[in-house]
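Secondary and tertiary structure notes
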Amino acid sequence: MKYCSTCGHPVEHRVPSGDNRHRYVCPSCETIHYQNPRIVAGTVPVWEGRILLCRRAIEPRYGYWTLPAGFMENSETTDEAAARETREEALAEVTIDELYTIIHVPHIDQVHMFYRATLTDGRYGAGEESLETELFEPHDIPWDEISFPTVKRTLEHFVEDMRSNRFPVRVSDIRHRMGDKR
Ligand code: ZN
């Protein structure tokens, strides 16, 4: 951040009095611009035992397969965000079942949350951010072409849990690795 979004004055990066972290502070209007982690919400959309994946039509990871997910918008809930992303990327209406994974990704200041979801009528398609969408049997998932570590981990848990048909909520972290942007 270079300029104050409130008044346009150049901001300073310093520890405000009474705080213990560096913040962007406006010396003109004294606004402190707090920056906090962002939430990515998505679904594991299922239809008749198969999992719906989207092949990305955008960078990063163009051409890789992903679960529908994206940044939460203001004034929506996490499950609404997950359902909206599924509608936008996979043109699929879903019933949100239960929260499934919460994965902290602290080196990029994100928290990823995936819900188990069921397609309401089995229909899906490719939204603007997708090249194609497809239902995969668990043993056909293209593991070497999965877009992001949080998606891969969620799918690994899900395929494992499909065997017992028990899906406990799983909370974990993904820490930075070399060459791993997300
Ligand atoms: Zn200002």
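Read on for a plain summary of the structure. Every chain's residues receive numbers from 1 upward, in the order its sequence appears when written. Only residues with pLDDT of at least 70 get local features here, since the model is predicted, and only at 80 or more are side-chain atom pairs given and counted; chain-wide, interface and lining totals rely on the full set of residues. Just so you know, side-chain values use all the structure's heavy atoms and leave hydrogens and water out.

Should DSSP find at least two bridges between two strands, the strands are regarded as paired. Put simply, DSSP H or I for four residues or longer makes a helix, DSSP E for two residues or longer makes a strand, and each gets a number counted from the N terminus. Sheet architecture is open: 3 strands sit in the order β1-β2-β3, paired in antiparallel fashion. Each of the sheet's edge strands pairs with one partner strand only, and the pair in question is β1 (12-14) and β3 (32-33). Pairing between β1 and strand β2 (residues 23-25): 3 bridges, direction antiparallel. When the sheet's bridge partners are listed, glutamate 12 is paired in β2 with valine 25.

Time to look at the coordination of the zinc ion. Coordinating donors are taken as N, O and S atoms within 2.8 Å of the metal, stretched to 3.2 Å for Na, K and Ca; because water is absent from the atoms, sites can appear incomplete. All of the protein donors around the zinc ion are Cys4 (SG), Cys7 (SG), Cys26 (SG) and Cys29 (SG); their distances to the metal are 2.3 to 2.4 Å. Working rule for geometry: tetrahedral if four donors all subtend angles between 85 and 135 degrees; square planar for four, octahedral for six, if opposite donors exceed 155 degrees and the others stay between 65 and 115; irregular in every other situation. Coordination geometry of the zinc ion: the 4 donor atoms subtend angles of 100 to 117° at the metal centre, consistent with an arrangement described as tetrahedral. All donors of the zinc ion come from a single chain, and their spacing in sequence reads C-x2-C-x18-C-x2-C. Pair noted here: cysteine 4 is in the segment before β1 and cysteine 29 is in the loop between β2 and β3, with a separation of 25 residues, a long-range link. Type-normalised accessible area, obtained with a 1.4 Å probe on protein chains alone, sets the label of each residue: buried when under 20%, exposed when over 50%, and partly exposed for intermediate values. Taking relative accessible area as the criterion, cysteine 4 reaches 4% and is therefore assigned buried.

A side chain with one charge can pair with a side chain of the opposite charge if their charged atoms come near. In what follows, salt bridge is the name for a side-chain nitrogen of Lys or Arg lying within 4 Å of a carboxyl oxygen of Asp or Glu. Going through the model one piece at a time under the given rule, you end up with 11 salt bridges. Taking the shortest distance from any N to any O, the salt bridge between arginine 84 and glutamate 76 comes out at 2.7 Å. Its relative accessible area of 13% is what places arginine 84 among the buried residues. Of the charged contacts in the structure, one is a salt bridge between glutamate 160 and arginine 163, with a shortest N-O distance of 3.4 Å.

What follows covers helix α2 (residues 149-164). Take the residue count of a helix, subtract one, and multiply by 1.5 Å to get its expected span. Spanning 16 residues, α2 covers 24 Å between terminal C-alpha atoms, matching the ideal 22 Å at 1.5 Å per step. Taken residue by residue, α2 has Pro149, Thr150, Val151, Thr154, Leu155, Phe158, Val159 and Asp161 as its buried positions. Packing partners of the buried residues in α2 comprise β4 (38-47), β5 (50-56), β6 (65-66), β8 (94-105), β9 (110-119) and β11 (170-173). Positive phi shows up at asparagine 165, right after α2, with a value of about 60°. Every residue pair with non-hydrogen atoms within 4.5 Å of one another is taken to be in contact.

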